[in-house]
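# Coordinate inspection notes
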Amino acid sequence: MNLMIVEDEPRLRLALAYNIPWDKYGIEVVGMASNGLEALDLVSRKRPDIMLIDVQMPEMDGLTLLGELRSREEISRLMKTIILSGHDNFEFAQLALEHGVSKYLLKPAGEEDILEAVLEARQQLRQDLEQWQRKAALEQKWKHNLPHLQNLFFIQWVNGKFTKQDVLRKSRELFISLKEDDQIAVAVVDLDPLPEDETRFHRGDAELLQFTMLCLAKELLGHPSRWITSDSGNMLLMIMIVEEDQDANEAMLRLNADVSKLLSQTKEVLKLTASAGICASIGTIEEMSLLYAQACRALQERVVYGHDLAIPYRELKQDMQGVMVQQNLEKMLEIALETADETKTLEALKGLWEEAFTKSESSDEFHEAVLYMNSFFTRMIQKQGWTVKRVVGEDIEYFQNVKLLSTKMQTWSLLERTVKHIVSFMSEQRKTTSNQVVKDILNLLEEEIDQEITLHTVADRLYINSSYLSRLFKQEMGVVFSSYVMERKMERAKTLLQEGQKVYDAARLVGYRDVSYFTKVFRKYWGVNPGEVKG
């Protein structure tokens, strides 16, 4: 948990922060303030779990600070406070308790007493959080989670994760109106790639734009017999329940009309085009995954037919059957490659292999599957800004001519080598990025060694999450950040003293404004007083 210290005496403030072994108990000091006003400014950015507050301070005292914090419920809710007071005053203690203070300690409180008070506050906070969690789970479960659970249900349903009985049971649990004999039809809609001359939006806006289209679809086409949600690839998913007395052809014409209206309105609202894929015909509840696969396959044909179209699925001739795989397997492989997780990468690749290769009935179908995978790998590689040849090396010939692959074993070896090459490149790229961040930290430390340097000040300067920075630094340097800073400051101080600098000047040049505190730290680190160090 996170702790903030508010104390106007510099020596005591530093002693509270550094003399007590907070790390040993899983507590992190995220900020220090010298008065209430400074603390108010800091607390909204650092959001501490526990605050250790002195009563008497300039600018704003501790009790006034407590009142301000209590009035800002969005900040102080589920936060614990501990008071340090130099006066055994009943009125002060009573006011503190009215403000919900966990503990009222009198100065001079020992470090063990302060640590014990903080640990007690942490336990109280944990109990509060557990109680809140139980209450929230009961009161807000459906209100907040039902739309998400419904969306997850549809994603799993279209990907063939449920039996018919599972679908009916879960639909009842999630208040989705569905009967055993219902017939359904499916369409998927996706925004077309942004034009090269587009200046209003960028690639990073794709998710927001897709969400806008989803909201537009619900507004235009919302109806009890029509579900509009998102699939696992963030494409718009439309599922239509066919009315009992409606002809199958009429139902498909209605779905086409609805999709065409959405594409037209998307162009009007966003000034961008979208395309859709529509299943071949209506089907039963058990055929949902097939209907969805048809719609996705139809959407892929926009590369042939162009953009801004609603494309119906057409059955390919047997000798020209395209590759049909579950979209979640491809997404799993993409995520595993991007995170450089070789184990999960090979697991996803095996799943795709089972679906796309082992069921092939001709060399044309087999090579079509190779083209499918090569296309996927090419997109992954080029997305990172690399060239295919640079990543796969001599295997580039198989990308240029898939008919050089004559056996399944040879093909599997190629796919396995390719994913390992990509994982290796991804790992190296992440390592290079990590090294640069650590270099920036070390440079900052050397340039500002005469300043007070903490993990959080460095994290703020580099716009990096402090927890991530801490783990990264320990991983790269082998020591925690605070220990490294202490080592560099003490080494520098010793060098300055050996060069003839006075103790006061040496302390100032390594960021210590309190000479007594510097002397204490120096003696603890080197075993001698600063004044005993000679050139």
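Quick look at the structure, then. (Residues numbered from 1 in each chain as written. Predicted model: local features only at pLDDT ≥ 70, side-chain atom pairs only at ≥ 80, totals over all residues. Heavy atoms only, no water.)

Turning our eyes to something else, we now look at unusual backbone geometry. Residue Lys 107 is joined to Pro 108 through a cis peptide bond whose omega torsion reads -5°. Phi is positive for Lys 271, which is not a glycine, with a value near 60°. Position of Lys 271 among the secondary structure elements: in the loop between helix H9 (248-270) and strand S9 (274-278). (Helix = DSSP H or I, 4+ residues; strand = E, 2+ residues; numbered from the N terminus.)

Moving on, we come to the environment of Ser 466. Note on placement: Ser 466 falls in helix H19 (residues 466-477). Apart from the residues within four sequence positions on either side, Ser 466 is in contact with Glu 28, Leu 455, His 456 and Ala 459. Of note is the side chain of Ser 466, whose polar atom sits 3.5 Å from the side chain of His 456. (Contact = heavy atoms within 4.5 Å. Polar contact = N/O pair within 3.5 Å; in protein donor to acceptor, adjacent residues only side chain to side chain.)

Let's shift gears to helix H2 (residues 36-46). Those residues of H2 that fall on the buried side of the exposure criterion are Gly 36, Ala 39, Leu 40, Leu 42, Val 43 and Lys 46. Buried-residue contacts for H2 involve strand S1 (2-6), strand S2 (28-33), strand S3 (50-54), helix H3 (62-71), helix H4 (73-76) and helix H18 (455-462). At the N-terminal end of H2, a side-chain oxygen is found 3.0 Å from the backbone nitrogen of Leu 37, two or three residues along, and the residue is Asn 35. Looking at the residues trailing H2, positive phi occurs at Arg 47, about 50°. (Buried < 20%, exposed > 50% of the residue type's maximum accessible area, 1.4 Å probe, protein only.)

Space inside the second largest pocket adds up to approximately 1,700 Å³. What lines the second largest pocket is a set of 46 residues, among which Ala 17, Tyr 18, Ile 453, Thr 454 and Ser 482 lie closest to the centre. Of all elements in the fold, only helix H1 (10-18), S2, H2, H18, helix H20 (481-498) and helix H22 (515-526) reach the threshold of two or more residues within the lining of the second largest pocket. In terms of residue count, the dominant contributor to the lining of the second largest pocket is H20 (six residues). For the lining of the second largest pocket, the residue count by class is 22 nonpolar, eleven polar and 13 charged. (1 Å grid on protein atoms, 1.4 Å probe; cavity = no way out; pocket = protein on both sides within 12 Å on 5 of 7 lines; lining within 4 Å. Points joined across faces, edges and corners; volume = space filled by probe spheres on them. Nonpolar A, V, L, I, M, F, W, Y, C, P; charged D, E, K, R; others polar.)

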